[in-house]
Amino acid sequence: MATGDLADFTRLVHPDATNREAKDEPPASRGRGPSAYYATALWLRAAYSNLRWEIHDTAAAGDLVALHTTMHGRHTGNFVKYGADGSVTQVFPPTGRTFASTQSHWFRVADDLVVEHWANRDDLGTALQLGWVPPTPAYLLRSAIARRRARRAQ
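Keep in mind the model is a prediction, meaning the values are calculated, not measured.

Could you give an account of the nonpolar core, naming the residues involved and the relevant values?
In this structure, L44, Y48, F79 and W132 are the most contacted members of the largest nonpolar core, which totals 19 residues. Those elements that place two or more of their residues in this core are α2 (34–47), β2 (48–61), β4 (79–82), β5 (88–92), α3 (123–130) and α4 (137–153). Core analysis: the next-biggest nonpolar cluster, separate from the first, contains nine residues, V13, A17, A41 and F107 among them.

As structure tokens, this is what we get:
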């Protein structure tokens, strides 16, 4: 997710793979297969520089693989949330702050390719570290302006 191109995702992700977390992501992320997973990576990279995952533990049973990780990055671009219809619902303008948030990622694997993904993330911890919560009046104004710009660009 932090590095790599579409060819890398094609080597790791099944053509019919689904990402259960894509419901709040850009419309391009909601499809199936490597291009949808790559769209998620590009969305994250647009919001966060120095993005990386530290893997603490792995577990596998049958066709499931679980990872306990910490996601690290710096908020240097707009983080855009999307509604069910694909419209922009919220934009968090860059704060320049760094974060480190724990996550668990679950993958279903078939023929050595990812066929399904879902995650549990500490989104509140991330929001607190990035200064999204509690928002200052100035940050709320920046967020409203960024959301308007993103909707116009859609």
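Right, picking up where we left off after that structure.
Quick rundown of the pattern of salt bridges? Include the residues and the values.
Considering all chains together, one arrives at nine salt bridges under this definition. One salt bridge in this structure joins K81 and D24, with 3.8 Å as the shortest N-O distance. Taken together, the residues K81 in strand β4 and D24 in the loop between β1 (13–19) and α2 connect sequence positions 57 residues apart. As a salt-bridge pair, D63 and R108 come within 3.2 Å of each other at their nearest N and O atoms. On the criterion of sequence distance, the pair formed by D63 in the loop between β2 and β3 (64–75) and R108 in strand β6 (residues 98–110) is long-range, its members being 45 residues apart. Classification of D63 as partly exposed rests on a relative accessible area of 35%. By sharing partners, the salt bridges in this structure join R20, D63, R108 and E116 into a single network.

Tell me what's going on with the packing of aromatic side chains, and back it up with residues and numbers.
The relation between two aromatic rings is expressed through the spacing of the ring centres and the mutual angle of the planes. In total, this model carries eight aromatic pairs according to the counting rule given. Note on F79 and W132: the rings are 5.7 Å apart at their centroids and 20° apart in plane angle, and the pair reads as stacked. One end of the pair, F79, is in strand β4; the other, W132, is in the loop between α3 and α4, and 53 residues separate them in sequence. Residue class for F79 comes out buried when judged on its relative accessible area of 10%. Note on W132: relative accessible area 10%, which makes it buried. An aromatic cluster is defined as three or more aromatic residues linked by ring pairs; in this entry it consists of W43, Y48, F79, F92, F99 and W132. The ring of W118 has R20 sitting right over it, with the charged end atom 4.0 Å from the ring centre.

Give a description of unusual backbone geometry that names residues and reports values.
Note the cis peptide between V133 and P134, where omega equals -15°. Along the polypeptide, P134 turns up in the loop between α3 and α4. In the Ramachandran plot, N50 falls in the positive-phi region, its phi being about 55° despite a non-glycine side chain. Counting through the fold element by element, N50 comes out in strand β2. N50 sits in the exposed class, given a relative accessible area of 58%. The residue D112 is not glycine, and still its phi comes out positive at about 65°. Structurally, D112 is set in the loop between β6 and β7 (113–121).

What counts, and where the lines are drawn
Residues numbered from 1 in each chain as written. Predicted model: local features only at pLDDT ≥ 70, side-chain atom pairs only at ≥ 80, totals over all residues. Heavy atoms only, no water. Core = buried A, V, L, I, M, F, W, Y, C linked by side-chain atoms within 4.5 Å. Buried < 20%, exposed > 50% of the residue type's maximum accessible area, 1.4 Å probe, protein only. Helix = DSSP H or I, 4+ residues; strand = E, 2+ residues; numbered from the N terminus. Salt bridge = Lys/Arg side-chain N within 4 Å of Asp/Glu carboxyl O. Phe/Tyr/Trp six-rings, centres within 6.5 Å; stacked < 30°, edge-to-face > 60°. Lys NZ or Arg CZ within 6 Å of the ring centre and 35° of its normal.

Limitation: the analysis is restricted to geometry and does not speak to function.
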